[in-house]
Amino acid sequence: MTLPVVAVALSGGVDSLVAGFLIKRDYKKVFGIHFTTGYEKSLTNVKTLEQQLGFPVHTIDLSQVFEQEVVQYFMDTYLDGKTPNPCVICNKKIKFGVLLDEARKLGADALATGHYATIVNPLVSPEREILQSWLEKGADPLKDQSYFLSMLSSEQLERIILPLAGYSKPQVKAVAKKNNLIPTTSGESQDICFIQDTSFSQFIIDKKGILPKPGNIKDFNGKIVGTHKGLHAFTIGQRRGIDCPASEPYYVKQIDLSTNTLVVCFKNDLAATKMQVDDIIWNYLENKEILTMTTKIRYAHKGATSQLNRNGASGQVIFDAPQLAITPGQAAVFYRDNRVLGAGIIQ
């Protein structure tokens, strides 16, 4: 099999640097691609990346599409009373959408990144017996990022290479140290890269030019227990910022936009056994019915045994045991052992 031309997405951090190093070792035709969002605190020194890795690095300005597809989505979802996960959307539409398209225009067959996850049966496999590609967890359970890549289609996955799939974070740092790879950016990447020196609620106020709209806080029985300064500052399951005295702490149970009301409850009342999921991407095409699976309702969630009654791109998830703080807007990711079966957005 002829080795493909591989583009490596480079942020300047240690993970992408080591990914670039490993790709350069395994493939003959390699180039780097660095994209900007318009929210960088400082510009990455691309020349330093080229000198360390020994291949050219192209810089692409994706600030306009990033603003439209990620930042506006983030703000609109919050203002709709839901809690978005912008990293999931960025991976689907920006990194492995627009950036992958740009890499292919520059001559690449595949795009490599420094994500900790595993792709089975990609286009670059030496013996590719079936056409479908799918995603599995990475080897390091502490760094596994399959949740954030879960809404990629099989067509996207087949053109992605994840060289850190079998590595742990300490191993990646060791490779960097041994080969004198020095990151041009410090620290771990942020969950929300475009919000750096302010709260997400203030970010939305500043960007949208809106005035916070105060309203009532009611308990689960409909009793007014306080007031809030704006629903955009809250998410399901949130405890901080409610500031209403009670026998035990309140948590956000519901965000009611129609009446501008924040509904709160005690922790035990947050649990639910069912949820609706839309916009499902399903990557398990084998003719085998899956009766049970593990569903994660947020990145830090351990996952819970459940059933999915799916009808096309929508479905209802029924958990074996009640789950706390099921949050509309977050990604629900469906696993069978290490394999990602699919994912969708909680309603």
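Nothing here was measured: the structure is a model prediction, and the numbers come from that model.

(A) Structural context of the overall build of the protein chain. Along its length, the protein chain carries seven helices and 17 strands. By the compact-globule yardstick of 20 Å for 347 residues, the protein chain fits well, its C-alpha radius of gyration being 22 Å. Dimensions of the protein chain, computed from C-alpha atoms along their principal axes, come out at roughly 70 × 50 × 35 Å. Within the protein chain, counting contacts between residues at least 6 apart in sequence, those at least 24 apart form 66% of the total. Summing over all exposed atoms, the protein chain offers an accessible surface of approximately 17300 Å²; the carbon and sulfur share of this is 49%.

(B) Broad picture of the packing of helix H1 (residues 14–26) against helix H6 (residues 169–178). In the contact formed by H1 and H6, the axes pass within 9 Å of each other and the chain directions differ by 65°. By the angle between their directions, the pair H1 and H6 is classed as roughly perpendicular. Handedness of the H1/H6 crossing: left-handed. Seen from H1, the contacting residues are Val14, Asp15, Val18 and Phe21; seen from H6, they are Lys169, Val172, Val175 and Ala176. Among the residues making up the contact of H1 with H6, the classes are represented as six nonpolar, no polar and two charged.

(C) Representation of the pattern of salt bridges in the model. Inspection of every chain in the model, using the stated rule, returns nine salt bridges. Measuring nitrogen to oxygen at the nearest pair gives 2.8 Å for the salt bridge that ties Glu67 to Lys207. Of this pair, Glu67 sits in helix H3 (residues 63–79) while Lys207 sits in helix H7 (residues 200–208), and the two are 140 residues apart along the sequence. By relative accessible area, which is 38% here, Lys207 ends up partly exposed. For the salt bridge of Glu69 with Lys93, the shortest nitrogen-to-oxygen distance reads 3.3 Å. Placement of the pair is Glu69 in helix H3 and Lys93 in helix H4 (residues 86–105), with a sequence separation of 24 residues.

(D) Seen up close, the environment of Ser11. Inspection of the secondary structure puts Ser11 in the loop between strand E1 (6–9) and H1. Residues contacting Ser11, with those up to four places away along its chain left out, are Ser16, His34, Thr44 and Thr185. For Ser11, the side chain forms a polar contact with the main-chain nitrogen of Gly13, separated by 3.2 Å.

(E) Focus on the pairing of strand E15 (residues 314–324). Pairing geometry for strand E12 (residues 271–282) and E15, over six bridges, is antiparallel. Within the sheet, the bridge partner assigned to Gln276 lies in E15 and is Gln316. Here strand E14 (residues 304–311) folds back onto E15, and the loop between the two strands holds two residues, one of which, Gly312, carries a positive phi near 70°.

(F) The arrangement of H6 in detail. Of the residues making up H6, those classed as buried are Lys169, Val172, Val175 and Ala176. Seen along its axis, H6 keeps its buried residues to an arc of 120°; they face one direction. The exposed residues of H6 that point more than 90 degrees off its buried face are Pro170, Lys177 and Lys178. The secondary structure elements touched by the buried residues of H6 are H1. Immediately beyond the C-terminal end of H6, within one or two residues, lies Asn180, with a positive phi of roughly 55°.

Conventions used here
- Residues numbered from 1 in each chain as written.
- Predicted model: local features only at pLDDT ≥ 70, side-chain atom pairs only at ≥ 80, totals over all residues.
- Heavy atoms only, no water.
- Helix = DSSP H or I, 4+ residues; strand = E, 2+ residues; numbered from the N terminus.
- Rg over C-alpha atoms; globule rule 2.2 N^0.38 Å.
- Contact = heavy atoms within 4.5 Å.
- Areas by Shrake-Rupley, 256 points an atom, 1.4 Å probe, with all protein chains shown as cover.
- Axes fitted to C-alpha atoms, helices over the stretch in contact; angles between N-to-C directions.
- Parallel < 35°, antiparallel > 145°, perpendicular 65-115°, else oblique.
- Left-handed = near helix turned anticlockwise from the far one by under 90°.
- Nonpolar A, V, L, I, M, F, W, Y, C, P; charged D, E, K, R; others polar.
- Salt bridge = Lys/Arg side-chain N within 4 Å of Asp/Glu carboxyl O.
- Buried < 20%, exposed > 50% of the residue type's maximum accessible area, 1.4 Å probe, protein only.
- Polar contact = N/O pair within 3.5 Å; in protein donor to acceptor, adjacent residues only side chain to side chain.
- Pairing = 2+ DSSP bridges.
- Arc of directions from axis to C-beta.

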